[in-house]
Amino acid sequence: MAFLNELLSAAKIWKDPDSVKIVETVLRACKIQKAQQLLAEAGDLEMNCRWKLTDEDSFQILRKLGDGVYELYQIQAFESLICNRSYAIAHDIIDVHDMGPEGPHDIMKAYGYFSIKQMKSIHGESTEEVLAVYRFELDAGNYDNLLSTRRSADAYQTVSYVKTYTWEDAKDMIQTISGYCKE
């Protein structure tokens, strides 16, 4: 996956939207395949109750799938031309050991940290989890990991059609998709 992350960075630099979408699709498929493998190994039903509510304000939930691999969902405020304010669902699988060419350094800087050592002194054993959450939030804020209903590509642009919800419908949908159960 490191190679795909580097390829994605290159495609963005080249400003080739078709290549970016192709690489993003392949990268997402690899992440999903890895998650499915980890879930099969751990037992899917048992994993559904391992979700942790990490942010009530965005109904952000997280579960650890494996060594440094986390799955996250959250409700993301979404502005659109059709609706003034509605909500979308962000979802991703983050591998903190495979964060692309920059590694975690750009992510740490965005949250005011200067080194992994500094993060570890504050968050201790939760440092990897915190890094996964930060990466996820940055992607969600850029609308990079929103669940879309379909993608359409033409000669000029690639467009994702994002399904929007009310707050309560988005929360219900996350609980249904993830199998989240309150402890």
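Let me begin by describing the structure that accompanies this report.

## Topic: the overall build of the chain
Thinking step 1. A count of helices and strands for the chain gives 7 helices and 6 strands.
Thinking step 2. Each helix and strand of the chain, ordered N terminal to C terminal, gives the series α-α-α-β-β-β-β-α-α-α-β-β-α.
Thinking step 3. The buried share among the 183 residues of the chain stands at 37%.
Thinking step 4. A separation threshold of at least 6 residues defines the contact pool for the chain, and within that pool the share at least 24 residues apart is 55%.
Thinking step 5. A total of about 10,900 Å² of accessible surface is found on the chain, and carbon and sulfur atoms cover 52% of it.

## A few points about helix α6 (residues 127–141)
Thinking step 1. An ideal rise of 1.5 Å per residue puts 21 Å on 15 residues; α6 measures up with 21 Å between its terminal C-alpha atoms.
Thinking step 2. If you follow the buried residues of α6, they end up packed against β1 (52–55), β2 (60–66), β3 (69–78), β4 (86–95), α4 (105–110) and α5 (116–123).
Thinking step 3. Among the residues trailing α6, Tyr 143 stands out with phi positive, at a value near 60°.

## A word on unusual backbone geometry
Thinking step 1. Of note in the backbone geometry, Phe 59 takes a positive phi value of approximately 45° without being a glycine.
Thinking step 2. Along the polypeptide, Phe 59 turns up in the loop between β1 and β2.
Thinking step 3. Among the residues examined, Phe 59 registers a relative accessible area of 5% and is labelled buried.
Thinking step 4. Within the chain, Tyr 143 stands out as a residue other than glycine whose phi angle is a positive 60°.
Thinking step 5. The topology assignment puts Tyr 143 in the loop between α6 and β5 (148–153).
Thinking step 6. Residue classification places Tyr 143 among the partly exposed positions, given a relative accessible area of 36%.

## Some remarks on the nonpolar core
Thinking step 1. Counting 21 residues, the largest nonpolar core has Leu 72, Ile 94, Val 96, Met 99, Met 119, Leu 131 and Tyr 134 as its most contacted members.
Thinking step 2. Counting residues per element, the ones that place at least two in this core are β3, β4, α4 and α6.
Thinking step 3. It is α6 that provides the largest number of residues to this core, a total of 7 residues.
Thinking step 4. With sequence-adjacent residues up to four places away left out, Met 119 is seen in contact with Met 108, Tyr 113, Gly 124, Thr 127, Val 130, Leu 131 and Tyr 134.
Thinking step 5. Counting residues in hydrophobic clusters, the runner-up holds 10 residues, among them Ile 61, Ile 89, Tyr 165 and Tyr 180.

## With respect to the environment of Gln 74
Thinking step 1. Among the secondary structure elements, Gln 74 is positioned in strand β3.
Thinking step 2. Judged by its relative accessible area of 5%, Gln 74 is buried.
Thinking step 3. Contact partners of Gln 74, with chain neighbours within four places excluded, come to Ser 58, Phe 59, Gln 60, Ala 88, Ile 89, Ala 90, Phe 136, Glu 137, Ala 140 and Ile 174.
Thinking step 4. There is a polar contact of 2.8 Å between the side chain of Gln 74 and the side chain of Gln 60.

The rules behind these values
- Residues numbered from 1 in each chain as written.
- Predicted model: local features only at pLDDT ≥ 70, side-chain atom pairs only at ≥ 80, totals over all residues.
- Heavy atoms only, no water.
- Helix = DSSP H or I, 4+ residues; strand = E, 2+ residues; numbered from the N terminus.
- Buried < 20%, exposed > 50% of the residue type's maximum accessible area, 1.4 Å probe, protein only.
- Contact = heavy atoms within 4.5 Å.
- Areas by Shrake-Rupley, 256 points an atom, 1.4 Å probe, with all protein chains shown as cover.
- Expected span 1.5 Å × (residues − 1).
- Core = buried A, V, L, I, M, F, W, Y, C linked by side-chain atoms within 4.5 Å.
- Polar contact = N/O pair within 3.5 Å; in protein donor to acceptor, adjacent residues only side chain to side chain.

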